[in-house]
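Report on the structure
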Amino acid sequence: MSIHSTRNDVLTMVAFTAVVLTMPLWLDPIGAAYPDLLQKFAIFGLFAIGFNILFGLTGYLSFGHAAFLGVGSYAAVWSFKLLTMNVLPAIAFAIIVSGVFAVLIGFISLRRSGIYFSILTLAFAQMSYNMAYSVLTPITNGETSLQLALNDPRILDPVAEAGAGLPSTELFGMSMRGYSGFYFCAVLLIIGFYISLRIFRSPFGMKLRAIKSNQTRMNYTGYNTRPYLLSAFVISGMYAGLAGALLAITDPLAGAERMQWTASGEVVLMTILGGVGTLVGPLLGAGLIKYFENIFSSYNERVLHEIFSFLPDALENLVVFVTNPFVGEGWHLTLGTLFMVIVIFLPGGIMEGMSRLGRLFRFGRKEG
Amino acid sequence: MTETVLNVSNVQKTFGGLQALSDINLKVDKGQIHAIIGPNGAGKSTLLNVIIGRLAPDSGTVKFGDMILTGMQPYEINQAGVVRVFQTPEIFPELTLLQNVMVPAFAKRDGSFKFNPFKSMAREKAIVEEAEHVLEDLGLHNQMHNLSSSMSRGDKRRLELAMCLIQHPKLLLLDEPTAGMARHDTNRTIELLQRIKERGMTKVIIEHDMHVVFSLADHISVLAQGAIIADGTPDEVRGNPKVQEAYLGGAHL
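Residues numbered from 1 in each chain as written. Chains lettered and ligands numbered in written order. Predicted model: local features only at pLDDT ≥ 70, side-chain atom pairs only at ≥ 80, totals over all residues. Heavy atoms only, no water.

Some points on the confidence of the model for chain B
Confidence in the prediction of chain B, expressed as mean pLDDT, is 88, and 96% of residues score 70 or more. At the low end of the mean pLDDT range in chain B sits helix H9 (residues 241-248) of chain B, at 73; at the high end sits helix H3 (residues 97-110) of chain B, at 95. (pLDDT = per-residue confidence, 0-100. Helix = DSSP H or I, 4+ residues; strand = E, 2+ residues; numbered from the N terminus.)

With respect to the packing of helix H5 (residues 87-109) of chain A against helix H11 (residues 225-250) of chain A
Residues and elements named next belong to chain A. Orientation of H5 relative to H11, taken along the N-to-C sense of each, is 145 degrees, at an axis distance of 7 Å. Here H5 runs over H11; the crossing is right-handed. Taken together, the residues of H11 that come into contact with H5 (itself represented by Val87, Ala90, Ile91, Ala94, Ile95, Ser98, Gly99, Ala102, Val103, Ile105, Gly106 and Phe107) are Leu230, Phe233, Val234, Gly237, Met238, Gly241, Leu242, Ala245, Leu246 and Ile249. Split into classes, the residues belonging to the contact of H5 with H11 amount to 17 nonpolar, five polar and no charged. (Axes fitted to C-alpha atoms, helices over the stretch in contact; angles between N-to-C directions. Left-handed = near helix turned anticlockwise from the far one by under 90°. Contact = heavy atoms within 4.5 Å. Nonpolar A, V, L, I, M, F, W, Y, C, P; charged D, E, K, R; others polar.)

Thoughts on unusual backbone geometry
Despite not being glycine, A:Ser145 has its phi angle at roughly 70 degrees, a positive value. By secondary structure assignment, the location of A:Ser145 is in the loop between helix H7 (137-140) and strand E1 (146-147). Using a relative accessible area of 11% as the deciding quantity, one classes A:Ser145 as buried. Positive phi, close to 45 degrees, is recorded for B:His168, a residue that is not glycine. Here B:His168 shows up in the loop between helix H5 (153-165) and strand E7 (171-175). For B:His168, a relative accessible area of 47% corresponds to the partly exposed category. (Buried < 20%, exposed > 50% of the residue type's maximum accessible area, 1.4 Å probe, protein only.)

So, the pairing of E7(B)
All names here are of chain B. Among the five residues in E7, five count as buried, and that is most of the element. Side chains of E7 alternate between two faces, with Leu171, Leu173 and Asp175 and Leu172 and Leu174 buried alike. Where strand E6 (residues 82-85) meets E7, four bridges bridge the pair, whose relative direction is parallel. Across the sheet, the residue bridging to Arg84 is Leu173, located in E7. Looking at chain direction, E7 and strand E8 (residues 202-206) are connected through five bridges and run parallel. Bridge assignment links Leu174 to a residue of E8, and that residue is Ile205. (Pairing = 2+ DSSP bridges.)

Overview of the sheet that holds E6(B)
Residues and elements named next belong to chain B. Across the sheet, six strands lie side by side as E6-E7-E8-E3-E9-E10; this open sheet has mixed pairing. What marks the edges here is a single partner per strand, and that holds for E6 and strand E10 (227-232). Between one strand axis and the next, the sheet turns through 15 degrees on average, direction left out of account. With four bridges connecting them, strand E3 (residues 33-37) and E8 associate as parallel partners. Following the sheet pairing, Ala35 is matched in E8 by Ile205. The strands touched by helix H1 (residues 44-52) within the sheet are E3, E6, E7, E8 and strand E9 (219-224), with E7 carrying the most contacts at an inclination of about 150 degrees. Across the sheet, H5 is in contact with E6 and E7; its angle to E6 comes to roughly 175 degrees.

A word on the domain arrangement of chain A
All names here are of chain A. When its domains are assigned, chain A resolves into domain 1 (2-279) and domain 2 (295-368). Contacts between domain 1 and domain 2 engage nine residues on the former and nine residues on the latter. Each partner contributes to the roughly 770 Å² buried at the junction of domain 1 and domain 2, and carbon and sulfur atoms together form 77% of this total. Considering only the side of domain 1, the residues that lose the most area to domain 2 are Leu269, Ile272 and Leu273, jointly responsible for 60% of the buried surface there. (Domains from an automatic or database assignment. Buried area = accessible area lost by both parts, 1.4 Å probe.)

A look at the sheet that holds strand E5 (residues 67-68) of chain B
Residues and elements named next belong to chain B. On the basis of which strands lie adjacent, the open sheet formed by four strands has the order E2-E1-E4-E5 and antiparallel pairing. Lying at the two open borders of the sheet, with one neighbouring strand each, are strand E2 (18-29) and E5. Bridge analysis of strand E1 (residues 4-15) against E2 gives eight bridges, and the strand direction is antiparallel. Within the sheet, the bridge partner assigned to Val8 lies in E2 and is Leu26.

As for the pattern of salt bridges
Taken as a whole, this structure holds 17 salt bridges over all chains when the rule is applied. The partner of A:Glu352 in a salt bridge is A:Arg356, and the shortest N-O contact between them spans 2.6 Å. You can see A:Glu352 and its partner A:Arg356 sitting in helix H17 (residues 349-367), four residues apart, about one turn around the helix. Look at A:Arg356 and you get partly exposed, because its relative accessible area is 41%. For B:Asp137, the salt bridge is made with B:Arg195, and the minimal N-O distance between the two is 3.3 Å. (Salt bridge = Lys/Arg side-chain N within 4 Å of Asp/Glu carboxyl O.)

A look at the pairing of E9(B)
All names here are of chain B. Where burial is concerned, most of E9 is hidden: six out of the six residues are buried. Every second residue of E9 is oriented toward a common face, with His219, Ser221 and Leu223 on one face and Ile220, Val222 and Ala224 on the other, all of them buried. Relative to E9, E3 runs parallel, the two sharing four bridges. What sits directly across from Ile36, in E9, is Ser221. Relative to E10, E9 runs antiparallel, the two being bridged by five bridges. By the bridge assignment for E10, Ala224 is matched with Ala227.

Description of the nonpolar core
Formed by 140 residues in total, the largest nonpolar core has its most connected members in A:Phe184, A:Leu246, B:Met102, B:Leu135, B:Leu159 and B:Leu172. Looking at which element gives the most residues to this core, the answer is H11(A), with 16 residues. Those residues in contact with A:Phe184 that lie beyond four places of it in its chain are A:Val87, A:Leu88, A:Ile91, A:Leu171, A:Met176, A:Leu246 and A:Ile249. Judged by nonpolar contacts, the second largest core, of 28 residues, contains B:Leu26, B:Ile36, B:Val50 and B:Leu69. (Core = buried A, V, L, I, M, F, W, Y, C linked by side-chain atoms within 4.5 Å.)

Focus: helix H6 (residues 114-133) of chain A
Think of an α-helix as 3.6 residues a turn; residues three or four steps apart then line up on the same face. All names here are of chain A. A rise of 1.5 Å per residue sets the reference length of H6, with its 20 residues, at 28 Å; its end C-alpha atoms lie 30 Å apart and thus fit the reference within 8%. Every buried residue of H6 is accounted for by Phe117, Ser118, Thr121, Phe124, Ala125, Ser128, Tyr129 and Ala132. Within H6, the buried residues cover an arc of 135 degrees as seen down the axis, which keeps them to one side. In H6, those exposed residues whose orientation departs by more than 90 degrees from the buried face are Ile115 and Tyr116. In this structure, the buried residues of H6 make contact with helix H3 (35-58), helix H4 (66-82), H5, H7 and H11. (Expected span 1.5 Å × (residues − 1). Arc of directions from axis to C-beta.)

Thoughts on the interface of chain A and chain B
With 29 residues of chain A at the interface, the matching set in chain B holds 40 residues. Between chain A and chain B lies a buried interface of about 3000 Å² when both sides are counted; carbon and sulfur atoms form 65% of it. Ranking the residues of chain A by area buried against chain B places A:Met206, A:Arg217 and A:Tyr220 at the top, with a combined share of 26%. Across the contact surface, chain A and chain B share one salt bridge. Between A:Arg217 and B:Glu160 there is a salt bridge, with its nearest N and O atoms 2.5 Å apart. Applying the counting rule to chain A against chain B returns 18 residue pairs in polar contact (both at pLDDT 80 or more). Elements that contribute at least two residues to the side of chain A that touches chain B include exactly helix H1 (2-21), helix H8 (178-201), helix H9 (203-213), helix H10 (215-220) and H11 of chain A. (Polar contact = N/O pair within 3.5 Å; in protein donor to acceptor, adjacent residues only side chain to side chain.)

Quick look at the structure:
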């Protein structure tokens, strides 16, 4: 059994790597193969994978994970301002800072469970958000957002020539814009996925699942559950910090709106939509939401008329009239409807839908 | 001279105005099966909850060997070797049977906290084999890859027993281990408990079923209205008129 599953894990990783690296190819037909969106898929995929380590394994629903995303972004931009435009120190710095931040918030929030835990994390995130606009302005630059400036020290970089523009983020000379930026995020996504896979398969992961299943039994079985929960919380906070750093790498700017509760809610939606506690589900959820946000919101009446132009005129007008509220500004309506349908009919998310389809297919094949 | 494993001294517990336990003194000797019986509401489960750390007594102490259990966390009490089987089975419904038994095995080996998120399960062969062995012992190995939520109630109880036995406890506390079981399953459980008795494990059993109590116990304490009214070997207790009065309403055993 164990050798078999190890081989399965290797296959999973090979398939996953192939799928991620070929994203620009197979996402092309649905119009999603441009670097900006591809980067978002990878970054929010990482965010959701990390969130799932906490929510999916332990069942603790954090409603304030965007705080770590924001902290990661600020830390990365500060690294660009003070140290160097190289992205590696920025990533390391962001992960460490968000990890420390997660220890503090987790230590206090994990004294409660259930809805009280969610409320505590939400309170901390909103507090961070409001402080970024007020007392922490020297660090966050308030409403103008933290940005690069020509006169930043950047002590590790060579002095820029006079008259040069703002430097861009780079990895040993390779610019992090466009496709190279996507591939950099993709490599980190693959590493992040591998770490999550190892955690899911480890005794540690099994114990986290046991905590979700029956925490009382865990206590009477000899486990001090608090440090387990805190570890999971900090790991997922570090994932969020990494995602925040990548946002800053692809666009060196950090604003407080990244920490708002809507951003925290979004990662919850992603995870539930894809499938809580599954390895790949949160990634699918993240992809779906970002796709809707970017593609559906760009549709308008004219585009719809083009799509449905094959229909007779009267019918075309009717269809466009019905579908129009679901696109453009109204893309949230589509997302909301989809979310309701999935939660009601497929509580296990897209992953449950896929495994049901798989079973149906296998069953059909056996019959035939 | 026998060695005392568990020593409950002067334990009191009230809930509001209700005196649930009044001045309980109890000694459990090593290697014995010690039964606590009594009518409903006598305080049996309260006493067990005090021993395991789920309830704090108002006064008095519970000592396990030289260790004072009163005030310790449930996980610390477990790590000290005192393990409890609950009345309604407390298992991990979302895990498979095998995983249900592996989790306590890890607790026994690694202690109350170990951070090993990158360790592969493939390198935990010893634990897997041990868990399979215990499941086989209890006749559950056929379904070990099933989710435990899908089992019958009787099987859940046996699974919980397996989860406790894999920890090789020094003292095992059983809260009505056969409640709700069919006679056939009851006899199997009695057989099993007798079998593990030979391994030198001390057990405290709370039980309603007189058949179970008299076929297993070396020593019986009778609780009534929060106080111990009789204490002795099964024969002594059986002949005690106070017990017959309080517990059996005057009927003869």
